[in-house]
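In case you want the letters, here they are:
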Amino acid sequence: MPQTLTIRRPDDWHLHFRDGATMEAVVPHTARQFARAIVMPNLSPPVTTSALAREYRDRINAAVPAGVDFTPLMTAYLTDETVPADLATGYVEGVLTAAKLYPAGATTNSAHGVTDVANIEHVLEKMAEIGMPLCVHGEVTHAEIDIFDREAVFIDRVLAPLVQRLPELKVIFEHITTRQAVEFVDGSGPNIAATITPQHLHINRNAILVGGIRPHMFCLPVAKREEHRLALRKAATGGSAKYFLGTDSAPHHRHAKESDCGCAGIFNAPFALESYVTVFDEEHALDRFEAFASLNGPAFYSLPVNEETVTLEKVSVEVPDEVDGGEARIVPFHAGETLSWRLAS
Ligand code: DOR
Ligand code: ZN
């Protein structure tokens, strides 16, 4: 009998579904594993209002395979023009679960993002007042700041002052990639949490550049040095309730990645749980996987935990070289590798 691990059904607290045929191709991968997912709003054009979020939610629901229980949790994309009352209405009505801060220009489809957090102070005050969480892409965008330093500089220049000004605001520091981010989250109060992706637990920056340039290992924030990966593994598996699962699964078609200006994003949805549980196994922390995957996120978002369970088994699974992505094929994270755990059907 293979070793097994049964946990409450997990949620993905950060991912990208896109829209149209791509969305229809990728939603089933997430719905297979997760009960809920926080869906990023960086479509083109972005999901900036409650009304747009409602329409997008309906399109996602239509792409969930029949008989599968999956709930998308929607976010609104903050801009310099966001109307606080619209966010509040969307939150109270249950259309919106959180709002997303993209510093303008930080990543894919972020051109309409916030140019200076000072411009949305009244929005953030409203969110703090009603308990609406803020999801943060934590990188500065200034040309003079080295791309490997952008997260650490964001903490000093933007996040730490923001948390000090609005301590009651619930902030999710998303897809953290550095020791500095772990230190910041550990040293902050209970309103500050972080998500960690599978790729940042598995790879350091060598994976992108050694032996040739590997566009399918490129995402933002970009993977950092090994010391940072080790800090992230310690944070994820260390038992702190401040860290939870957020894949940042970000599908881009093969040709858009293998390009002279390849897109940022790693499509990890097909084997996300398998990827994470491998890390917890390697760190001898399987007993802490359920909290990271299924308990800490709902607790931070003040949502109920899922009642159903999933079982993972220590049986190897082969990750295909590419998968269907709607209009074109997509290369998944771990393509061509064999993982040592799989989700039992
Ligand atoms: O690598 C990334 N891809 N990072 C992001 O922040 C956005 C995402 C995307 O939408 O492709
Ligand atoms: Zn993302």
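Being a predicted model, the structure only gives us computed values, none of them experimental.

A. View of the environment of Arg165. Take Arg165: it is sitting in helix H5 (residues 150-165). A sequence separation of 145 residues divides Arg165 from Val310, and the C-alpha atoms of the two residues are 41 Å apart. Residues within four places of Arg165 in sequence aside, it is in contact with Val117 and Glu121. Here the side chain of Arg165 touches Glu121 through a polar contact of 2.8 Å, side chain to side chain.

B. Layout of the pairing of strand E10 (residues 309-313). Of the strand pairs in this sheet, strand E1 (residues 4-8) and E10 are connected by five bridges, and their pairing is antiparallel. For Arg8, the partnering residue across the bridge sits in E10 and is Thr309. Bridge analysis of E10 against strand E15 (residues 342-343) gives two bridges, and the strand direction is antiparallel. Bridged to Glu313 within E15 is Arg342.

C. The arrangement of the packing of aromatic side chains in detail. Counted by the stated rule, this structure contains eleven aromatic pairs. Summarising the aromatic geometry, the rings of Phe280 and Phe292 are spaced 5.3 Å apart at their centres and angled 40 degrees between planes, so their arrangement reads as tilted. Residue Phe280 is located in helix H11 (residues 272-282), and its partner Phe292 is located in helix H12 (residues 289-301); the two are separated by twelve residues in the primary sequence. Taking 6.2 Å as the distance between ring centres and 80 degrees as the angle between the ring planes, the aromatic pair formed by Phe300 and Tyr301 counts as edge-to-face. Overall, the relative accessible area of 9% leaves Phe300 in the buried class.

D. Empty space enclosed by the protein, seen in detail. Counted by the stated rule, this structure contains four cavities of 30 Å³ or more. Empty space within the largest cavity amounts to approximately 110 Å³. In terms of lining residues, the largest cavity is bounded by 16 residues, among which His16, Thr107, Leu220, Asp248 and Ala250 are the most central. Of the residues belonging to the lining of the largest cavity, the class tally is five nonpolar, eight polar and three charged. The wall of the second largest cavity is formed by His216, Ala250, His252, Lys257, Gly265, Ile266, Phe267, Ile330, Val331, Pro332 and Phe333. Its residues assigned to classes, the lining of the second largest cavity comprises seven nonpolar, three polar and one charged.

E. Structural context of the side chain of Lys257. Topologically, Lys257 is positioned in helix H10 (residues 254-257). This buried residue, Lys257, is left without a salt bridge; Glu258 holds the nearest opposite charge, at 9.3 Å. In terms of polar contacts, Lys257 uses its side chain to reach the backbone carbonyl oxygen of Pro215, at 3.0 Å.

F. Main features of unusual backbone geometry. Between Ser44 and the following residue, Pro45, the backbone shows a cis peptide bond with an omega angle of 0 degrees. Looking at the element boundaries, Pro45 is found in the loop between strand E3 (36-39) and helix H2 (50-63). Cis geometry marks the peptide bond from Leu220 to Pro221; its omega dihedral reads -5 degrees. Structurally, Pro221 can be placed in the loop between helix H8 (206-209) and helix H9 (226-237). In this structure, His284 is a non-glycine residue whose phi angle is positive, near 55 degrees.

G. Just the packing of helix H6 (residues 179-186) against H9, in detail. Running from N to C, H6 and H9 point in directions that differ by 30 degrees, and their axes come no closer than 8 Å. Between H6 and H9, the contacting residues are Arg179, Gln180 and Val182 on the first element and Glu227, His228, Ala231, Leu232 and Ala235 on the second. In the contact of H6 with H9, the residues fall into four nonpolar, two polar and two charged.

H. Summary view of the coordination of the zinc ion (ligand 2). All of the protein donors around the zinc ion (ligand 2) are His14 (NE2), His16 (NE2) and Asp248 (OD); their distances to the metal are 2.0 to 2.1 Å. Summarised as a motif, the one-chain spacing of the donors to the zinc ion (ligand 2) is H-x1-H-x231-D. A residue pair is termed long-range when its members are at least 10 positions apart, and His16 in the loop between strand E2 (12-15) and helix H1 (20-33) and Asp248 in the loop between strand E9 (243-245) and H10 qualify at 232 residues. An identical accessibility class is assigned to His16 and Asp248; each is buried.

What counts, and at which threshold
Counting of residues starts from 1 at the beginning of each chain's written sequence and follows it residue by residue. Naming scheme: in the order in which they are written, chains are lettered from A and ligands are numbered from 1. Local features are withheld for residues below a pLDDT of 70 in this predicted model, meaning they are given only at 70 or higher, and side-chain atom pairs are given and counted only at 80 or more; totals for whole chains, interfaces and linings count all residues. Side-chain calculation: all heavy atoms of the structure are included, whereas hydrogens and water are not. Starting at the N terminus, helices and strands are each numbered in turn, a helix being any DSSP run of H or I of at least four residues and a strand any DSSP run of E of at least two. When checking whether two residues touch, look at their non-hydrogen atoms; a contact exists if any pair is within 4.5 Å. Polar contact is the term for a pair of N or O atoms within 3.5 Å; when the atoms are in protein, one must be able to donate a hydrogen and the other to accept it, and sequence-neighboring residues count only if both atoms are side-chain atoms. For two strands to count as paired, DSSP must find a minimum of two bridges between them. Here a pair means two rings of Phe, Tyr or Trp (six-membered ring of Trp) with centres within 6.5 Å. Their orientation is stacked below 30 degrees between planes, edge-to-face above 60, and tilted elsewhere. Only protein chains enter the area calculation, which uses a 1.4 Å probe; residues under 20% of their type maximum are buried, those over 50% are exposed, and those in between are partly exposed. Space inside and on the surface of the protein is sampled on a 1 Å grid over the protein atoms alone, with a cavity defined as a set of points where a 1.4 Å probe fits but cannot get out and a pocket as an open set with protein on both sides within 12 Å along at least 5 of 7 lines; lining residues have an atom within 4 Å of a point. Grid points are joined across faces, edges and corners, and a volume is the space filled by probe spheres set on the points. In this classification, Asp, Glu, Lys and Arg are treated as charged, Ala, Val, Leu, Ile, Met, Phe, Trp, Tyr, Cys and Pro as nonpolar, and every other residue, Gly included, as polar. Residues scored as positive are Lys and Arg, those scored as negative are Asp and Glu, and His as well as the terminal groups of each chain are ignored. Salt bridge criterion: a side-chain nitrogen from Lys or Arg within 4 Å of a carboxyl oxygen from Asp or Glu. Think of each axis as a best-fit line through the C-alpha atoms, taken over the contacting stretch in the case of a helix, with angles from 0 to 180 degrees between the N-to-C directions. Each metal's donors are the N, O and S atoms within 2.8 Å of it, or within 3.2 Å when it is Na, K or Ca, and because water is not part of the set, sites may look incomplete.

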